[in-house]
Amino acid sequence: MKTLKGENIYIRALEPNDLEFVYAIENDQSIWEVSNTQTPYSRFLVKQYLENAQQDIYEAKQLRLAICQDEDFPAVGLIDLFDFDPKNNRAGVGIVIQKAENRNQNIGSEALDLLIEYAFTNLNLHQLYANISAENAASTALFTKFGFEKIGIKKDWTFVKGVYKDEAIFQLINTKWPSL
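The structure contained in this document is the topic of the report that follows. Since the structure is predicted, the reported quantities are computational estimates derived from the model, not experimental observations.

Helix and strand content of the protein: six helices and eight strands. For the protein, the sequential pattern of α-helices and β-strands runs β-β-α-α-α-α-β-β-β-α-β-α-β-β. By residue count, 41% of the 180 residues in the protein fall in the buried class. Sequence separation of at least 24 residues holds for 59% of the intrachain contacts in the protein that already meet a minimum separation of 6.

This is the structure in structure tokens:
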């Protein structure tokens, strides 16, 4: 996949040398709430995932990309298209920036901007959606900045640390780029 470059970051396909980075993210319990993860992943499973990451989005129904700041630095985050539905031309979007010191630096904004353009121009998607905890103000601000609209609340959707939490669903309809 051709590297998608912005002004300060680029997003790229996952590489075998991303093993430790992906392993660290998948096993960071502080972000399990946003990824709906409940169990740790072994290096073996992450390695298998990376070995199959070359699958086409039409086969895997997912595209996970690494967010990098420049050619000399490893990935700082991941951005995904998931639940890819080519029949209805839609996909979900997820994003995580691993370290707190890399957040609030416009990295997520630039990555999301690149992914939206890629999804609408290269994949000809009609819509993208994001599931965001109702309490997650930072993610809500990020997605609404790009025109995602809250279309509903899933009441008591996630069970986190003994408490049920609401989850909002946000949607972005492609009105800028022509689709199929």
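Next up on the list: the pairing of strand 3 (residues 63–68). For strand 3, the tally of buried residues reaches six of six residues, placing the bulk of the element in the interior. Side chains of strand 3 alternate between two faces, with L63, L65 and I67 and R64, A66 and C68 buried alike. As judged from the six bridges shared by strand 3 and strand 4 (residues 75–85), these two strands associate in the antiparallel manner. Note on strand 4: the bridge partner recorded for A66 is L78.

Moving on to a nonpolar patch on the surface. Together, Y41, F44 and L45 make up an exposed nonpolar region whose accessible area comes to about 310 Å². Residue position: Y41 is located in the loop between helix 2 (32–35) and helix 3 (43–51). Note on Y41: relative accessible area 35%, which makes it partly exposed.

Grouped together as the largest cluster of nonpolar side chains are 34 residues, with contacts concentrated most on I11, I67, I79, L81, L125, L128 and F143. For this core, the secondary-structure elements that each account for two or more residues are strand 3, strand 4, strand 5 (90–97), helix 5 (107–121), strand 6 (127–133), helix 6 (137–145) and strand 8 (163–173). For this core, the element with the most residues is helix 5, which contributes nine residues. Excluding residues that lie within four positions of it along the chain, L81 makes contacts with I57, K61, Q62, L63, A91, G92, V93, L115, A119, L123 and L128.

Ordered in space as 1-2-3-4-5-6-8-7, the eight strands form an open sheet in which the pairing is mixed. Bordering the open sheet on either side are strand 1 (4–5) and strand 7 (149–160), each of which pairs with just one other strand. The strands touched by helix 5 are strand 1, strand 2 (10–13), strand 3, strand 4, strand 5, strand 6 and strand 8; relative to strand 4, the strand with the most contacts, the crossing angle is about 30°. Sitting on the sheet, helix 6 touches strand 5, strand 6 and strand 8, and the angle it makes with strand 6 is about 165°.

Criteria and thresholds
- Every residue gets a number counted from 1 within its own chain, in the order that chain's sequence is written.
- Two thresholds apply to this predicted model, a pLDDT of at least 70 for residue-level local features and 80 or more for giving and counting side-chain atom pairs, whereas whole-chain, interface and lining totals are computed over all residues.
- Water and hydrogen atoms play no part in the side-chain values, which are based on all heavy atoms of the structure.
- Secondary structure elements follow DSSP: runs of H or I of four or more residues count as helices, runs of E of two or more count as strands, with numbering from the N terminus.
- Buried residues are those whose accessible area, probed at 1.4 Å on protein chains only, stays under 20% of the maximum for their type, while exposed residues exceed 50% and partly exposed ones sit between those limits.
- Contacts are assigned to residue pairs that have any heavy atoms within 4.5 Å of one another.
- Strands are labelled as partners when DSSP assigns at least two bridges between them.
- Two distance rules govern patches: like charges are joined within 9 Å, and nonpolar side chains (Val, Leu, Ile, Met, Phe, Trp, Tyr) within 5 Å, applied only to residues with over 30% relative accessible area and no salt bridge.
- Only the protein chains shown count as cover for residues, and the accessible areas themselves come from Shrake-Rupley with a 1.4 Å probe.
- Salt bridge, as used here, is a side-chain nitrogen of Lys or Arg placed within 4 Å of a carboxyl oxygen of Asp or Glu.
- Throughout this description, the term nonpolar core refers to a set of buried Ala, Val, Leu, Ile, Met, Phe, Trp, Tyr and Cys residues connected via side-chain atoms within 4.5 Å.
- Axis lines are fitted through C-alpha atoms, for helices just across the contact stretch, and the angle between N-to-C directions can take any value from 0 to 180 degrees.

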